[in-house]
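Structural description and commentary
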Amino acid sequence: SQQGEEDPQALSIQEGENATMNCSYKTSINNLQWYRQNSGRGLVHLILIRSNEREKHSGRLRVTLDTSKKSSSLLITASRAADTASYFCATDWNQGGSEKLVFGKGTKLTVNP
Amino acid sequence: EPEVTQTPSHQVTQMGQEVILRCVPISNHLYFYWYRQILGQKVEFLVSFYNNEISEKSEIFDDQFSVERPDGSNFTLKIRSTKLEDSAMYFCAVPGTSGSQETQYFGPGTRLLVL
């Protein structure tokens, strides 16, 4: 299957620390996206990185993509308690023109004040 | 970023009943998607809908499910005869506007509980 898989499954850090989450996938992709989900709420799009990009920044977020290893990482710098949420990577299904997103199981991040 | 609303936010139903979940994108979209997330599990693709036709569906999207665009703006997901295992969050999503069409923007979801 195509699924992205994140690790760690859960991460607990102190406010001000950096949080790094990883995602691996299995087949070729056009792009990889990261989403955030607060408990029981909707998915919020954070950042998209295309297969020809290696690194992308958005505010306190830094995403890397290594297509040779089929992996991506999301770094949140100077974390805040409000960053507490689950973070999912999602890959497009680069086959036959499909546009569905395939999500990983997510990393549950807890930022302690 | 396109805005998407979904109604209802919560629905409780008895097994075997029909439910209709609604999605209202603020801007006019031809493409939309439905996903579901069983509690504690990953988000799963259900179906994509383009220009009033299903363009792709997953194995989950069996004969109990259907999608429509009844009035040219709202999109609906119907479950004809709900089962206990249909209990989940259901999200609709629409693609971004030009320059970010690969991105899908999700609505807040409908939490469905089948008793």
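Residues numbered from 1 in each chain as written. Chains lettered and ligands numbered in written order. Predicted model: local features only at pLDDT ≥ 70, side-chain atom pairs only at ≥ 80, totals over all residues. Heavy atoms only, no water.

1. Some details on the interface of chain A and chain B
To be explicit about the condition: By definition, residues are in contact when any of their heavy atoms lie within 4.5 Å. The term buried area refers to how much accessible surface (probe radius 1.4 Å) is lost by two components on association, counted for both of them together. Polar contact is the term for a pair of N or O atoms within 3.5 Å; when the atoms are in protein, one must be able to donate a hydrogen and the other to accept it, and sequence-neighboring residues count only if both atoms are side-chain atoms. Secondary structure follows DSSP: runs of H or I at least 4 residues long count as helices, runs of E at least 2 residues long count as strands, and numbering of each begins at the N terminus. Three residue categories are used. Nonpolar comprises Ala, Val, Leu, Ile, Met, Phe, Trp, Tyr, Cys and Pro, charged comprises Asp, Glu, Lys and Arg, and polar comprises the others, including Gly.
Each side of the interface is counted separately: chain A has 21 residues, and chain B has 19 residues. Counting the surface lost from both chain A and chain B, the interface buries some 1,700 Å², and carbon and sulfur atoms represent 49% of this. The tally of links between chain A and chain B comes to three residue pairs in polar contact (both at pLDDT 80 or more). For the side of chain A that touches chain B, the secondary structure elements donating two or more residues are strand S4 (31-37), strand S5 (43-50) and strand S10 (101-103) of chain A. Considered class by class, the residues forming the side of chain A that touches chain B number six nonpolar, nine polar and six charged.

2. A few points about the sheet that holds strand S3 (residues 19-25) of chain B
Residues and elements named next belong to chain B. How we decide: Strand pairing is assigned whenever DSSP identifies at least 2 bridges connecting the two strands. Simply put, an axis is a line fit to the C-alpha atoms, just over the touching stretch for a helix, and the angle between two N-to-C directions goes from 0 to 180 degrees.
In space, the four strands of this open sheet follow the order S1-S3-S8-S7, with antiparallel pairing throughout. Because the sheet does not close on itself, it has two edges, and the strands there are strand S1 (4-7) and strand S7 (65-68). Each adjacent strand pair in this sheet contributes to an overall mean axis angle of 15°, direction not counted. Where S3 lies against strand S8 (residues 75-79), five bridges are found, and the strand directions are antiparallel. When the bridges of S8 are listed, Ile20 appears paired with Lys78.

3. Here's the deal with the environment of Ser28 of chain A
Mapping Ser28 of chain A onto the fold places it in the loop between strand S3 (19-24) and S4. When the C-alpha atoms of Ser28 of chain A and Ser68 of chain A are compared, they prove to be 9.8 Å apart, with 40 residues separating the residues in sequence.

4. Observations concerning the environment of Gln14 of chain B
Residue and element names in this part refer to chain B. What counts here: Burial status follows relative accessibility: with a 1.4 Å probe on protein chains alone, a residue under 20% of its type maximum counts as buried, one over 50% as exposed, and anything between as partly exposed.
Considering the arrangement of structural elements, one finds Gln14 in the loop between strand S2 (10-13) and S3. Taking the relative accessible area as the measure of exposure, Gln14 reaches 48% and is therefore partly exposed. Along the sequence, Gln14 and Leu115 sit 101 residues apart, while their C-alpha atoms lie 4.9 Å from each other. Those residues within four positions of Gln14 in sequence are excluded, and the remaining contacts are Thr82, Val114 and Leu115.

5. Focus on the pattern of salt bridges
Residues and elements named next belong to chain A. Inclusion rule: A carboxyl oxygen of Asp or Glu within 4 Å of a side-chain nitrogen of Lys or Arg is what we treat as a salt bridge.
A complete count under the given rule lists four salt bridges over all chains for this structure. Here Arg60 makes a salt bridge to Asp83, at a shortest N to O gap of 2.9 Å. Of this pair, Arg60 sits in the loop between strand S6 (55-58) and strand S7 (61-66) while Asp83 sits in the loop between strand S8 (71-76) and strand S9 (85-92), and the two are 23 residues apart along the sequence.

6. Digging into the packing of aromatic side chains
For the record, the criterion: In summary, the pairing rule links any two rings of Phe, Tyr or Trp, Trp by its six-membered ring, whose centres are within 6.5 Å, and it sorts them by plane angle into stacked for under 30 degrees, edge-to-face for over 60 and tilted for everything else.
Here the structure, examined in full by the defined rule, presents 14 aromatic pairs over all chains. Plain terms: the ring middles of Tyr35 of chain A and Phe106 of chain B are 5.3 Å apart, the flat faces sit at 85° to each other, and that makes the pair edge-to-face. With one member in each of two chains, Tyr35 of chain A in strand S4 and Phe106 of chain B in strand S10 (residues 104-106) form a pair that bridges those chains. Each member of the pair, Tyr35 of chain A as well as Phe106 of chain B, carries the same accessibility label: buried. Here Tyr31 of chain B and Tyr50 of chain B contribute two aromatic rings whose centre-to-centre distance is 4.6 Å and whose plane-to-plane angle is 35°, an arrangement assigned as tilted. On the criterion of sequence distance, the pair formed by Tyr31 of chain B in strand S4 (residues 31-37) and Tyr50 of chain B in strand S5 (residues 43-50) is long-range, its members being 19 residues apart. Residue Tyr50 of chain B is classed as partly exposed on the basis of its relative accessible area of 38%.

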